[in-house]
Protein chains: 2
Amino acid sequence: VTPTLIDHVGIAVDDLEQAVERYRGLLGDEPVHRETVADQGVEEVLFAVGGSFVQLLGALGADTPVGTFLARRGPGIHHMAYRVDDLEAELGNLRADGAQLIDETPRPGSRNTLIAFVHPRSTGGVLMELVQER
Amino acid sequence: VTPTLIDHVGIAVDDLEQAVERYRGLLGDEPVHRETVADQGVEEVLFAVGGSFVQLLGALGADTPVGTFLARRGPGIHHMAYRVDDLEAELGNLRADGAQLIDETPRPGSRNTLIAFVHPRSTGGVLMELVQER
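**Considering the relation of the copies chain B and chain A**
- Here chain B sits on chain A after a turn of 180° about the axis and a move of 0.0 Å along it, with an RMSD of 0.0 Å. What the rotation and shift describe, once combined, is the action of a two-fold rotation axis. Minimal C-alpha distance to the rotation axis in chain B is attained by I77(B), lying at 3.5 Å.
- Of all interface residues in chain B, 100% are interface residues in chain A too; the two copies therefore contact each other through one and the same surface.

Have a look at this one:
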């Protein structure tokens, strides 16, 4: 993978509105984006930091990936995303290197991006996402 | 806080050399820095991604903060650091907002930086570091 940027760090939160309020204060700025991503079971709010984002993730239900993460570990950093230019090619590179992909092909993410997740087993315990802007 | 950048994401790893090898492959690049920070009980290796860093953290012993994190949660993201221009002033802002500071005043970090940590209680469960370059 040849990432150009840390695209975002995803933080799982119990109460999204409370967390937005807290990060509005912590980062001294308004969020730049809010979106419900039904197929990932989350509502997300983005704050811009440099060219990267801090992504607050509220679970849409207890049986969603973020919901189970919160039940197991409590609020905290959920995943880390790198921005890439050619996601399809990067997935090929990772596959060739023996990485365990959660998504074998790019799928739609928020902000009209293409995304794919890589299993923590291949990244030292960190759920890793790749993001390509369109 | 008015961060200019995500300075780095710190990842606690069990075996630093193995993790360096893995991230050399994952990020397709050589690390840019290696440093033992005795007073934090870690050896760190940095990879550059855009203007940010991915920081691999090996514990210098089981009784260090990263050592106890690893024993409790296993390898994974340990903290998130924001780059700021004036750390002293930012700590004043955070204090005024009622944030719980781990470091009341800036202290030396790696790469000849000044750093301070903010308690996860004030940041939605995320150990937060502020970094000022000198």
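There's plenty left to go through after this.
**Some words on the packing of aromatic side chains**
Residues and elements named next belong to chain A.
- On inspection of all chains with the given rule, the structure shows two aromatic pairs over all chains.
- Each ring, one from Y23 and one from F47, has its centre 6.4 Å from the other, and the planes form 45°; the classification is tilted. Here F47 lies in strand β3 (residues 42-49) and Y23 lies in helix α1 (residues 16-26), a separation of 24 residues in the sequence. For the pair Y23 and F47, one class covers both residues: buried.

**Some details on the sheet that holds strand β5 (residues 76-83) of chain A**
All names here are of chain A.
- Overall, mixed pairing links the eight strands, which are arranged β2-β3-β4-β1-β5-β8-β7-β6 in an open sheet. Only two strands of the sheet have a single partner each, and these edge strands are β2 (33-37) and β6 (107-108).
- Judged from the five bridges that link them, strand β7 (residues 114-118) and strand β8 (residues 128-132) form a sheet pairing that is antiparallel. Each bridged residue has a counterpart across the sheet, and for F117 the counterpart in β8 is E129.
- Contacts from α1 reach β1 (5-13), β2, β3 and β4 (52-59), with the element oriented near 155° to β4.

**Topic: the interface of chain B and chain A**
- Chain B puts 34 residues into the contact, and the matching count from chain A is 34 residues.
- Summed over both partners, the interface of chain B with chain A buries about 2800 Å², with 63% contributed by carbon and sulfur atoms.
- The interface formed by chain B and chain A includes zero salt bridges.
- The interface formed by chain B and chain A includes six residue pairs in polar contact (both at pLDDT 80 or more).
- For the side of chain B that touches chain A, the element with the most residues is strand β5 (residues 76-83) of chain B, which contributes five residues.

**Structural notes on the pairing of β1(A)**
All names here are of chain A.
- By the criterion of burial, β1 is predominantly enclosed, with eight of the nine residues buried.
- Bridging between β1 and β5 involves seven bridges; their strand directions are antiparallel. Bridge pairing in β5 links G10 to H79.
- Strand direction decides the pairing type here: β1 and β4, joined by six bridges, are parallel. If you follow G10 over to β4, its bridge partner there is Q55.

**With respect to the side chain of D103(B)**
Residue and element names in this part refer to chain B.
- Along the chain, D103 turns up in the loop between α3 (87-96) and β6 (107-108).
- In this structure the side chain of D103 is engaged in a polar contact, spanning 2.8 Å, whose partner is the backbone nitrogen of F117.
- Those residues in contact with D103, other than ones at most four positions away along the chain, are L91, A116 and F117.

**Side note on the pattern of salt bridges**
- Applying the stated criterion across every chain, the model contains 22 salt bridges over all chains.
- A salt bridge links R111(B) to E133(B), with the shortest nitrogen-to-oxygen separation between them at 3.7 Å. Of this pair, R111(B) sits in the loop between β6 and β7 (114-118) while E133(B) sits in the segment after β8 (128-132); the two residues are 22 residues apart in sequence, bridging distant segments of the chain.
- Residue classification places E133(B) among the partly exposed positions, given a relative accessible area of 43%.
- Taken together, the shared-partner salt bridges connect D7(A), R83(A), R111(A) and E133(A) into one network.

**Overview of the side chain of S122(B)**
- Along the chain, the position of S122(B) falls in the loop between β7 and β8.
- Each residue touching S122(B), except ones within four places of it in the same chain, is listed here: R22(A), L26(A), A99(B) and Q100(B).

**Remarks on helix α2 (residues 65-73) of chain A**
Residues and elements named next belong to chain A.
- Within α2, the full set of buried residues consists of V66, G67, F69 and L70. The arc that holds the buried residues of α2, viewed along the axis, is 160°, so those residues lie on one side. Exposed residues pointing more than 90 degrees away from the buried face of α2 are listed as P65, A71 and R72.
- Remark: G74 follows α2 within two positions and exhibits a positive phi of approximately 80°.

Reading the values: the criteria
- Per chain, residue numbering runs from 1 following the sequence as it is written.
- Chains and ligands are labelled sequentially in the order written, the chains with letters from A and the ligands with numbers from 1.
- In keeping with the model being predicted, local features are shown solely for residues with a pLDDT of at least 70 and side-chain atom pairs are shown and tallied solely at 80 or more, while totals for entire chains, interfaces and linings include all residues.
- Side-chain metrics rest on all non-hydrogen atoms present in the structure, leaving aside hydrogens and water.
- Least-squares superposition aligns the copies on the C-alpha atoms of those residues with pLDDT at or above 70 in both.
- Any two residues having at least one pair of non-hydrogen atoms within 4.5 Å are treated as being in contact.
- For Phe, Tyr and Trp, rings pair up if their centres lie within 6.5 Å, where Trp contributes its six-membered ring, and each pair is then called stacked (planes under 30 degrees apart), edge-to-face (over 60) or tilted (otherwise).
- Think of it this way: any DSSP run of H or I at least four residues long counts as a helix, any run of E at least two long counts as a strand, and we number them from the N terminus.
- Type-normalised accessible area, obtained with a 1.4 Å probe on protein chains alone, sets the label of each residue: buried when under 20%, exposed when over 50%, and partly exposed for intermediate values.
- Two strands pair if DSSP finds at least two bridges between them.
- Every axis corresponds to a line fitted to the C-alpha atoms, with the helix fit spanning only the stretch in contact, and the corresponding angles, defined between N-to-C directions, vary from 0 to 180 degrees.
- Here's the idea: put two parts together, see how much 1.4 Å probe accessible area each one loses, and the total over both is what we call buried area.
- Salt bridges are counted wherever a side-chain nitrogen of Lys or Arg sits within 4 Å of a carboxyl oxygen of Asp or Glu.
- The term polar contact refers here to a pair of N or O atoms within 3.5 Å; inside protein, the definition further demands a hydrogen-donor-capable atom paired with an acceptor-capable atom, and it admits residues adjacent in sequence only when both atoms are side-chain atoms.
- Relevant arc is that of directions from the helix axis to the C-beta atoms, nothing else.

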